[in-house]
Amino acid sequence: MGFQSPDLEEDVISESREDIKEPSMYKVLLHNDHYTTMDFVVEVLMGVFHKALEEATRIMLDVHKNGIGVCGVYTYEVAETKVAIVGSSARERGFPLKCTMEED
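Residues numbered from 1 in each chain as written. Predicted model: local features only at pLDDT ≥ 70, side-chain atom pairs only at ≥ 80, totals over all residues. Heavy atoms only, no water.

Draft legend 1. Summary view of the pattern of salt bridges. All told, the structure shown has 5 salt bridges when counted by the stated rule. For the salt bridge of lysine 27 with glutamate 102, the shortest nitrogen-to-oxygen distance reads 3.3 Å. Here the residue lysine 27 occupies a position in strand β1 (residues 25-31), and glutamate 102 occupies one in strand β3 (residues 98-103), the gap between them amounting to 75 residues. You can call lysine 27 partly exposed: its relative accessible area is 21%. On the basis of relative accessibility, which here comes to 38%, the residue glutamate 102 falls in the partly exposed class. For arginine 93, the salt bridge identified is with glutamate 43, shortest N-O distance 2.7 Å. Of the two residues, arginine 93 is situated in helix α4 (residues 76-93) and glutamate 43 in helix α2 (residues 38-47); the sequence distance between them amounts to 50 residues. (Salt bridge = Lys/Arg side-chain N within 4 Å of Asp/Glu carboxyl O. Helix = DSSP H or I, 4+ residues; strand = E, 2+ residues; numbered from the N terminus. Buried < 20%, exposed > 50% of the residue type's maximum accessible area, 1.4 Å probe, protein only.)

Written as C-alpha cells, this is what we have:
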C-alpha cells in the first residue's frame, strides 16, 4: 500500500514549491552627517559589510555626496544585526553615524 504514482508525487512537490515564499529583503542604509569621518565610514563598510576598499570608498562617496548610501540588501534578521553593529561601533568611537534599514 506504500506505493504512490510518480504523477501524484510530482504534483505534491510542485504544490509545496509554490507555497514557499521568498523572505522579504531589506536595504541597509548609511546617512551622511558632518561629524563622522570618511575613514570610519570606509572602515565600517569593509568590516561590517565585507566590502573591498574600492567598493567601500564608492559607497562612502555616495553617502557624502547624496546624503545616503546603500551598504547592501539582506534578510530582516541580517539587516537588523548589521544596523545594530554599525550603531554600536559608531557610538564606541564617538560618531553620530546613522544606519537604518528599509524594505527593498
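Draft legend 2. Molecular detail of the sheet that holds β3. Here we have 3 strands laid out as an open sheet, ordered β2-β1-β3, and antiparallel in their pairing. Lying at the two open borders of the sheet, with one neighbouring strand each, are β2 (68-75) and β3. Put simply, the sheet's adjacent strands are angled 25° from each other on average, direction ignored. Judged from the 6 bridges that link them, β1 and β3 form a sheet pairing that is antiparallel. What sits directly across from valine 28, in β3, is methionine 101. Against the sheet, helix α3 (residues 53-66) makes contact with β1 and β2, and its axis sits at roughly 130° relative to β2, the strand it touches most. (Pairing = 2+ DSSP bridges. Axes fitted to C-alpha atoms, helices over the stretch in contact; angles between N-to-C directions. Contact = heavy atoms within 4.5 Å.)

Draft legend 3. The packing of α2 against α4, seen in detail. The contact between α2 and α4 brings their axes to 11 Å, and the two run at 145°. Relative to α4, the crossing made by α2 is right-handed. Contact with α2, carried on its side by Phe40, Glu43 and Val44, involves Val86, Ser89, Ala90 and Arg93 of α4 and no other residues of that element. (Left-handed = near helix turned anticlockwise from the far one by under 90°.)

Draft legend 4. Region of interest: α4. Between its first and last C-alpha, α4 extends 26 Å over 18 residues, near the 26 Å set by a 1.5 Å rise per residue. Of all the residues in α4, the buried ones are Ala79, Lys82, Val83, Val86, Gly87 and Ala90. All buried residues of α4 lie within an arc of 130° about the axis, which places them on one face of the element. Exposed residues pointing more than 90 degrees away from the buried face of α4 are listed as Glu77, Arg91 and Glu92. Against β1, α2, β2 and β3 lie the buried residues of α4. Looking one or two places after α4, you find glycine 94, whose phi comes out positive at around 85°. (Expected span 1.5 Å × (residues − 1). Arc of directions from axis to C-beta.)

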